[in-house]
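Summary of structural features
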Amino acid sequence: MPLYKTQNLKIYNSLSGEKEVFVPLHEGNVGMYVCGPTVYSNVHLGNVRTFMSFDVVFRYLLHLGYKVRYVRNITDVGHVVDDEDEGEDKIAKKARVEKLEPMEIVQRYTVDFHEILKEFNFLPPSIEPTATGHIIEQIEIIKKIIENGIGYVSNGSVYFDVQKFNKTHNYGKLSGRNIEDMIANTRELDGQSDKRNPQDFALWKRAEPEHIMRWPSPWSDGFPGWHLECTAMSTKYLGNHFDIHGGGMDLKFPHHECEIAQNEACTGEAPVNYWMHANMLTLNGKKMAKSTGNNILPREIYSGGSPFLSKKYAPAVARFFMLQAHYRSNLDFTDDAIAASEKGFVRLMDAYDTINEIIPSEKSSLDIQTWIAACYDAMNDDFNTPILIAQLFEAVRYINLLKENKETITSEDLNLFTKTIENFLFDVLGLTNEKSLENNDKLDNVINMLIGMRNEARANKDFALSDKIRDQLTDLGINLKDGKEGTTFSIN
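Residues numbered from 1 in each chain as written. Predicted model: local features only at pLDDT ≥ 70, side-chain atom pairs only at ≥ 80, totals over all residues. Heavy atoms only, no water.

- The chain appears in an unreviewed UniProt entry as Cysteine--tRNA ligase from Flavobacterium microcysteis.
- The record held by UniProt for the chain lists under Catalytic activity (unreviewed entry) the comment "tRNA(Cys) + L-cysteine + ATP = L-cysteinyl-tRNA(Cys) + AMP + diphosphate".
- One UniProt comment on the chain, placed under Subunit (unreviewed entry), says "Monomer." (UniProt positions renumbered as here; feature names shortened; annotations may be inferred.)

**What about the nonpolar core?**
- Ranked by size, the top nonpolar core spans 112 residues in total, and within it Ile-301, Phe-333 and Phe-417 carry the most contacts.
- Each of two domains, domain 1 (3–278) and domain 2 (282–435), supplies a minimum of three residues to this core.
- In terms of nonpolar packing, the next biggest core, distinct from the first, is built from 23 residues, Ile-150, Tyr-171, Phe-201 and Cys-266 among them. (Core = buried A, V, L, I, M, F, W, Y, C linked by side-chain atoms within 4.5 Å. Buried < 20%, exposed > 50% of the residue type's maximum accessible area, 1.4 Å probe, protein only. Domains from an automatic or database assignment.)

**So, the sheet that holds strand β12 (residues 286–287)**
- Judged by pairing direction, the sheet is mixed, and its three strands sit side by side in the order β12-β11-β13 without closing on themselves. For this open sheet the edge positions go to β12 and β13 (331–333), each flanked by a neighbour on one side alone.
- Pairing of strand β11 (residues 281–283) with β12, which is carried by two bridges, proceeds in the antiparallel orientation. If you follow Leu-283 over to β12, its bridge partner there is Lys-286. (Pairing = 2+ DSSP bridges. Helix = DSSP H or I, 4+ residues; strand = E, 2+ residues; numbered from the N terminus.)

**Some remarks on the sheet that holds strand β3 (residues 29–34)**
- One open sheet holds the four strands; their spatial order is β4-β3-β9-β10, and the pairing between them is parallel. Both edges of this open sheet fall to β4 (67–72) and β10 (272–278), since each of them pairs with a single strand only. Pairwise comparison of adjacent strand axes, ignoring direction, gives a mean angle of 20° for this sheet.
- Note that strand β9 (residues 242–248) and β10 share six bridges and pair parallel. In the strand pairing of β10, His-245 is matched with Trp-275.
- Lying on the sheet, helix α7 (residues 226–238) is in contact with β3, β4 and β9; it crosses β3 at an angle near 165°. (Axes fitted to C-alpha atoms, helices over the stretch in contact; angles between N-to-C directions. Contact = heavy atoms within 4.5 Å.)

**Observations concerning the pattern of salt bridges**
- Counted by the stated rule, this structure contains 23 salt bridges.
- A salt bridge links Lys-19 to Asp-381; the shortest N-O distance between them is 2.6 Å. With a gap of 362 residues between them, Lys-19 in strand β2 (residues 18–21) and Asp-381 in the loop between α12 (368–380) and α13 (385–403) connect regions that are remote in the sequence.
- We classify Lys-19 as partly exposed; its relative accessible area is 42%.
- Overall, the relative accessible area of 28% leaves Asp-381 in the partly exposed class.
- Ionic pairing is found between Arg-299 and Asp-112, a salt bridge with its closest N-O pair at 3.1 Å. With Arg-299 in helix α9 (residues 298–303) and Asp-112 in helix α3 (residues 102–119), this residue pair connects regions lying 187 residues apart in the sequence.
- Judged by relative accessible area, Asp-112 falls into the buried class, the value being 7%. (Salt bridge = Lys/Arg side-chain N within 4 Å of Asp/Glu carboxyl O.)

**Considerations on the side chain of Glu-259**
- Among the secondary structure elements, Glu-259 is positioned in helix α8 (residues 252–267).
- There is no salt bridge for the buried Glu-259, and the closest opposite charge comes from Lys-173, which lies 13 Å off by N-O distance.
- Not counting the four nearest positions on each side in its chain, Glu-259 is found in contact with Cys-35, His-227, Cys-230, Thr-231, His-245 and Trp-275. (Lys, Arg positive; Asp, Glu negative; His and termini not counted.)

**Points about the environment of Phe-51**
- Inspection of the secondary structure puts Phe-51 in helix α1 (residues 45–63).
- By relative accessible area, which is 3% here, Phe-51 ends up buried.
- Once the C-alpha coordinates of Phe-51 and Met-379 are considered, the two residues, 328 residues apart in sequence, prove to be 17 Å apart.
- Phe-51 has contacts with Val-34, Cys-35, Gly-36, Pro-37, Arg-72, Phe-113 and Phe-122, leaving out every residue within four places of it along the chain.

**Re the UniProt feature "binding site: Zn(2+)" (unreviewed entry) in the chain**
- Those places that UniProt annotates as "binding site: Zn(2+)" (unreviewed entry) correspond, in this numbering, to Cys-35, Cys-230, His-255 and Glu-259. The annotated residues occupy 225 residues of the chain but converge on a single region, no pair of C-alpha atoms lying more than 11.1 Å apart.
- Its place among the elements puts Cys-35 in the loop between β3 and α1.
- Classification of Cys-35 by relative accessible area gives buried; the value is 5%.
- Cys-35 has contacts with Phe-51, Asn-73, Cys-230, His-245, Gly-246, Leu-251, His-255, His-256 and Glu-259, leaving out every residue within four places of it along the chain.

Structure below.
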């Protein structure tokens, strides 16, 4: 019997503002869509935290035995600079500044995105569609919205009529905004806009002559509005109605609000049962921003070079740090905070490494089943990773007591205990047993020292010693390769 049949998972639904029991539309199957990056620059650490939150959601659903179709898109067109349907496409602007084709920008930063997520041990999504790969689907949705009387054409562009939609629907129900307040708090259009009302948003934008990224449509050569792509891709791969939609808190309005409106205007039904939003990551108490210099790239955590960090940290330590806060909570990244996390992470992994030293007994004095239930209770409570981590530290206490013979455990319970720790530590939280990059640096230094000794032995024609050094390193899984540029090594 799959685990999901015995667990009572609750998810905080941004739409209702409450934790709700998770019941998928189709038993045993979950459809989940998460808004991916706009690939016009290096992915920043706040993005990594958001995607990590949903990586854990994905992992836990898989652990429970669900068959999950996880769709996370790549935005490679349509996201304009000011997010208000005016201005230049972010990717096209970057391409113009760097004198590259837009798709060169897309390729460069998509590769960077994948490399970073791999370092932090993310599982790949089931499908990773691109906006430019779904232009036809977006045009068809626009046709349907126009046909249903909610979209209108203006000077070659197409807009969504928010006020007309709101007469029969509730625009603002996700973000808690009131349409009357939105109208009262927006200035009148200056006559230069193609919109009927300031609240309306673009479904299709007519491209100016200098705009590189453009496609033919019934209305003009142009490009789709930013909000439309997620409606097209989520419904194509998950259906008009699916289980979970996630993203950063900053996407709740207008992006996700507009998605709901587009779906309802096109299909007549609400698209998603559970809306999930991950909160912000700040740096030293302030918002991360490249413009102010208060910014750190994910790669700088493990490669060094950031003025905000006193040393390098393993990606697993950074992942552990982020998961010590609930995904709906703000998290402040500081050097002191990640240093403290590293100490806790090492303590956790050191304890795990010594489980095999525990000698089983005939009886268990520890209640392992209750501890296991507490681990599941934590994750079933809206994926509460900090509470789960607290339970894993309780397991550290158990391990120490067992090694000191102050408690006892049967062989059966020990196997169950070990398997549960591994399930949550590695499969659900996605951690790896990589404690410190400093240890890696020290190992590199030792190997390079031995290579130097071997080179000296070879120069002195002491081939017996040089071969001995090489052979003993090989036995340890360290392979030397001699070349024109010198000797390099790889570790198996």
